[in-house]
Amino acid sequence: MPGIEKLPIDETMEDSPQTRSLLGVFEEDTAAISSYCTQLYQAMNRIYDAQNELSAATHLTSRLLKEYDKQRFPLGGDDEVMSSTLQQFAEVIDELSSCHAVLSTQLADAMMFPITQFKERDLKEILTLKEVFQISSDDHDTAINRYSRLSKKKDNNRLRAEAVEDVYTSRKKQHQTMMHYFCSLNTLQYKKKTALLEPLLGYMQAQISFFKLGSENLTQQWEDFLMTIGTSVQNVRREMEEEVGQMQQTIQDLERSCDPLYAPCDPDPAHSPVCRNLTRKQGYLYIRNKTGLVSSSWERQYFFTQGGNLMQQGRGEVAGRLVTDLDNCSVMAVDCDDRRFCFQVTSFDGKKVVILQSESRKDCEEWISTINNISKRIYLSENAEELAARMNQSALEAVTPSPSFQQRHESMTLYSQDRVGRASSISSVGSEPSPALSVLSLDALVTPETPIQFDIISPVSEENLGQSKTAAQSSRRSNPFGELGESASEDSEDSILHQLFIVRFLGSMEVRTADSADIISDTMRQILAARAIHNIFRMMESHLLVTCDCLKLIDPQTQVTRLRFPLSTVLQFSAHPDNKRLSGFILQSPGGRVDSRFICYIFESNNDGEKICDSVALAKQIAFHSEMDRKAMEEKKEQEKAKEKQQEELSKQRLIEKDLEEQSRLIAASSRPTIPPGSDGQMLTLSNSQSQSSDAGEEDEKRGESEA
């Protein structure tokens, strides 16, 4: 059989991300074995149940045949030949029933018992050890965090002793649990072979013992084959016992030798002096990250040197990422108000400063000496450790002198050339793609020779340029990303939906159409492939604000709107079907139908891809209903305006008719004849009817004048 893969028990004390990654592979293998054994157990259980059912059915058939004579049939009940024949069949079937019962017992002992033991005992033991290991690992992280937060100003011996004891206990528990867990996983690699072969071996042996028919050669052939398999199983079992003995001995030796290493600081510096001749080092450190203008936080990461670079790697990550370039850098021990054993690494140009914390003073001095040796490029020589030993004989703390102006100028020149070369290689994705990207660009959904943008660039750069020029002329401060803060705040205040997500921009590129359902997934594949080919790992983090009017990308530090996408221009949005952290949407750039362009933006989030798409869908639905309500209100207002206009016209028409009636009355009153006086110079006396009519005419005349 091929060799057995094993976890290195002697590396459990270091607990590096590589060991954790290898442990993850073994855990995945254990999960696959558990799933497969469960399915195999179900299949074998069906065989066992079927065999029991067959045995019971055979026994029932034999009993019914024996009771044939007791049956009273209306016709042919006295057939003695039939009765004797059925009795003979009953005896044969009775013997077969006994054989089936024996076969069921053999299947239970030789087939079901081994796989049941493996499933219920061995696999459950692995799961229990996994839970215990996870708990001990969490306890160790809690203890080391408590120890690292010990105050430097308020030195309390009791608290420090408790913290050291807590770290010692948790680290010892984690180490011992991890070793036993590794031992169980290594043992499982042997047990899975025996657990799969022993049930099959028992099944075949039970079947052969049941079936005594067939030629002697065939039986001999099966017996030889089964004998060979049995010998192989015994060899694997013997090898497993030897390996278990060696692993147990290794665990005992490591427990005795690693006992002084459980404490975070060495109580006897003379026992383990500081080594200042190192050109490579790795281990866990705390790095200080700025969370605001004056606030900061500490994060525990695994750091290692690779050539002239300082790398960091988190648990669960496949590979490390670059922290800073150590060539011509400066390193020194620094005093922090809230932490001990801190040192500072400054890049050669002074633009990047990294502050790290180690567990002990010895570890801090070794890191300083190692980075100091790397900054002097000692690692490039053949005998790096001997050269470092000669240069660091009398150094207690390594402080790298600043590089000369010539070195600084040469380093800056090389750095700028490297940046220009990398930028040209990235910008040439659309013009001269690499072979891998040339294959990807053949997709019919993506425009050929399409450049990929890995930084956030506004699609309306020309408009932004015009806005910036106008703002410069008017001496008005404008947003550097082409948007004014006032308009952005007004849009956000009017919206009833505000959902904020933390996203990281992966890239954007132009696509042919927005109608295909797979266009966003294909764009994700191309952008991720381009990042892998060009070694682009930097991603810009932003806050994605979803409102009923638009989508905004906001700078998390300055709260400045980097990009604003009107919701009406978002044509399609979806998350990756397998990786829920990836999401994207297609944006239609401004222009007519002929000049319209479709740009696909891809983002990475913390498992919020589907939530982002649901939020955008809800925003578009709210915007649609708002638009429908707005149109209905406009129609209602137009109808009310039409009614008011109609009422005004009717009132005007009534006034005109009334004026005409008054004018006609006045004309009629003015056209009446006057009564002449009498001959004797006295006025004639009118009758009552005439006087009343004249009075009424005067009143109508006065009323008409007043109305006029």
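Residues numbered from 1 in each chain as written. Predicted model: local features only at pLDDT ≥ 70, side-chain atom pairs only at ≥ 80, totals over all residues. Heavy atoms only, no water.

Caption draft 1: Up close: the overall build of the chain. Counting secondary structure elements, the chain contains 13 helices and 14 strands. Long-range pairs, those at least 24 residues apart, make up 68% of the contacts in the chain between residues at least 6 apart in sequence. Accessible surface, the chain: about 43,300 Å² in total, of which carbon and sulfur atoms supply 52%. (Helix = DSSP H or I, 4+ residues; strand = E, 2+ residues; numbered from the N terminus. Contact = heavy atoms within 4.5 Å. Areas by Shrake-Rupley, 256 points an atom, 1.4 Å probe, with all protein chains shown as cover.)

Caption draft 2: Just the packing of aromatic side chains, in detail. Per the stated rule, a full pass over the model turns up nine aromatic pairs. Consider the rings of phenylalanine 565 and tyrosine 601, whose centres lie 5.0 Å apart with planes at 55 degrees: the pair is tilted. With phenylalanine 565 in strand 11 (residues 561-566) and tyrosine 601 in strand 14 (residues 598-605), this pair connects stretches of sequence that are 36 residues apart. Here phenylalanine 565 falls in the buried class, since its relative accessible area comes to 1%. Given the relative accessible area of 3%, tyrosine 601 is considered buried. Every member of this aromatic cluster is reached through a ring pair, and the members are Phe505, Phe565, Phe585, Tyr601 and Phe603. (Phe/Tyr/Trp six-rings, centres within 6.5 Å; stacked < 30°, edge-to-face > 60°. Buried < 20%, exposed > 50% of the residue type's maximum accessible area, 1.4 Å probe, protein only.)

Caption draft 3: Spatial organisation of the sheet that holds strand 10 (residues 550-554). Read from one edge to the other, the open sheet built from seven strands follows the order 11-10-9-8-14-13-12, with strand pairing classed as antiparallel. On the outer flanks of this sheet lie strand 11 and strand 12 (570-575), each paired with one strand and no other. Averaged over neighbouring strand pairs, the angle between their axes works out to 30 degrees when direction is ignored. Note that strand 8 (residues 499-511) and strand 9 (residues 540-546) share seven bridges and pair antiparallel. Residue pairing for strand 9: glutamine 499 is matched across the bridge by valine 546. (Pairing = 2+ DSSP bridges. Axes fitted to C-alpha atoms, helices over the stretch in contact; angles between N-to-C directions.)

Caption draft 4: Broad picture of the pairing of strand 10. Of all five residues making up strand 10, five are buried, and the element is well covered by its neighbours. Across the two faces of strand 10 the burial is the same, with Cys550, Lys552 and Ile554 and Leu551 and Leu553 all buried. Pairing geometry for strand 9 and strand 10, over four bridges, is antiparallel. Looking across to strand 10, one finds that leucine 545 is bridged to lysine 552. The pairing of strand 10 with strand 11 spans five bridges and is antiparallel. Bridge pairing links lysine 552 to arginine 564 in strand 11.

Caption draft 5: Representation of the side chain of threonine 279 within the structure. In this structure, threonine 279 sits in the loop between helix 4 (216-257) and strand 1 (282-290). Setting aside anything within four residues of it in sequence, one finds threonine 279 in contact with Thr305, Thr370, Asn373, Ile374, Ile378, Tyr379 and Ala384.

Caption draft 6: A look at helix 5 (residues 361-375). With 15 residues, helix 5 ought to run about 21 Å at 1.5 Å a step, and its terminal C-alpha atoms sit 21 Å apart, in line with that. Within helix 5, 13 of the 15 residues are buried, which leaves the element mostly enclosed by the surrounding structure. (Expected span 1.5 Å × (residues − 1).)

Caption draft 7: Main features of the environment of arginine 512. Relative to the helices and strands, arginine 512 is located in the loop between strand 8 and helix 11 (519-534). When its relative accessible area of 47% is taken as the criterion, arginine 512 is described as partly exposed. Separated by 86 residues in the primary sequence, arginine 512 and phenylalanine 598 place their C-alpha atoms 6.6 Å from one another.

Caption draft 8: Structural context of the pattern of salt bridges. By the definition in use, this model includes 31 salt bridges. A salt bridge links aspartate 141 to arginine 300; its shortest N-O distance comes to 3.8 Å. Taken together, the residues aspartate 141 in helix 2 (residues 80-148) and arginine 300 in strand 2 (residues 296-306) connect sequence positions 159 residues apart. Judged by relative accessible area, which is 22%, arginine 300 ranks as partly exposed. (Salt bridge = Lys/Arg side-chain N within 4 Å of Asp/Glu carboxyl O.)

Caption draft 9: Main features of unusual backbone geometry. Backbone geometry at asparagine 328 places phi at a positive 60 degrees, although glycine is not the residue there. Take asparagine 328: its relative accessible area is 13%, and that puts it in the buried class. A positive phi angle is found at arginine 377, which is not glycine, with a value near 60 degrees. Taking the relative accessible area as the measure of exposure, arginine 377 reaches 38% and is therefore partly exposed.

Caption draft 10: View of the sheet that holds strand 6 (residues 342-346). Strand order in the open sheet made by the seven strands is 4-3-2-1-7-6-5, with antiparallel pairing throughout. The sheet is open, and its two edges are formed by strand 4 (321-325) and strand 5 (330-334), each paired on a single side. This sheet shows a mean twist of 40 degrees between the axes of neighbouring strands, independent of strand direction. Bridge analysis of strand 3 (residues 309-313) against strand 4 gives four bridges, and the strand direction is antiparallel. From the neighbouring strand, leucine 310 faces strand 4, where its bridge partner is threonine 324. Sheet strands in contact with helix 5 are strand 1, strand 2, strand 3, strand 5 and strand 6, and its direction is about 15 degrees off that of strand 6.

Caption draft 11: Broad picture of a negative patch on the surface. Taken together, the side chains of Glu640, Glu644, Glu648 and Glu649 present a region of like negative charge at the surface. With respect to the element layout, glutamate 648 can be found in helix 12 (residues 609-670). A residue is classified by how much of its surface remains accessible, and glutamate 648, at 47% relative accessible area, is partly exposed. (Patch = residues over 30% accessible without salt bridge, like charges linked within 9 Å, V, L, I, M, F, W, Y side chains within 5 Å. Lys, Arg positive; Asp, Glu negative; His and termini not counted. Charge placed at Lys NZ, Arg CZ, Asp CG, Glu CD.)

Caption draft 12: Structural context of the side chain of threonine 523. By secondary structure assignment, the location of threonine 523 is in helix 11. Sequence-distant contacts of threonine 523, that is, excluding residues within four places in its chain, are made with Met509, Val511, Cys600 and Ile602.

Caption draft 13: Representation of the environment of lysine 6 within the structure. By the secondary structure assignment, lysine 6 is in the segment before helix 1 (17-66). Sequence separation between lysine 6 and leucine 188 is 182 residues; the distance between their C-alpha atoms is 9.9 Å. Setting aside its immediate chain neighbours within four residues, lysine 6 contacts Phe26, Asn186, Tyr190 and Glu243. A polar contact of 3.2 Å, which involves the side chain of lysine 6, links it to the side chain of glutamate 243. (Polar contact = N/O pair within 3.5 Å; in protein donor to acceptor, adjacent residues only side chain to side chain.)

Caption draft 14: Up close: the nonpolar core. Counting residues in hydrophobic clusters, the biggest one holds 30 residues, and the most contacted among them are Phe303, Phe343, Leu356 and Ile371. Counting residues per element, the ones that place at least two in this core are helix 2, helix 3 (157-210), strand 1, strand 2, strand 5, strand 6, strand 7 (353-357) and helix 5. If sequence neighbours within four positions are ignored, phenylalanine 303 has contacts with Lys281, Gln282, Gly283, Leu285, Ile287, Leu310, Met311, Gln312, Val323, Leu356 and Trp367. Residues Met179, Leu185, Ala195 and Leu254 belong to the second largest nonpolar core, which totals 24 residues. (Core = buried A, V, L, I, M, F, W, Y, C linked by side-chain atoms within 4.5 Å.)

Caption draft 15: Broad picture of the packing of helix 1 against helix 3. Taken N-terminus to C-terminus, the directions of helix 1 and helix 3 make an angle of 30 degrees; their axes are 11 Å apart at the nearest point. Comparing the axis directions of helix 1 and helix 3 gives the class roughly parallel. Relative to helix 3, helix 1 is oriented so that their crossing is left-handed. Residue composition of the contact of helix 1 with helix 3, by class: 17 nonpolar, five polar and four charged. (Parallel < 35°, antiparallel > 145°, perpendicular 65-115°, else oblique. Left-handed = near helix turned anticlockwise from the far one by under 90°. Nonpolar A, V, L, I, M, F, W, Y, C, P; charged D, E, K, R; others polar.)

Caption draft 16: Region of the structure containing the environment of isoleucine 452. As for its position among the elements, isoleucine 452 is in the loop between helix 8 (435-440) and helix 9 (461-473). With relative accessibility at 8%, the residue isoleucine 452 sits in the buried group. Between the C-alpha atom of isoleucine 452 and that of glutamine 526, which follows or precedes it by 74 residues, the distance is 9.1 Å.

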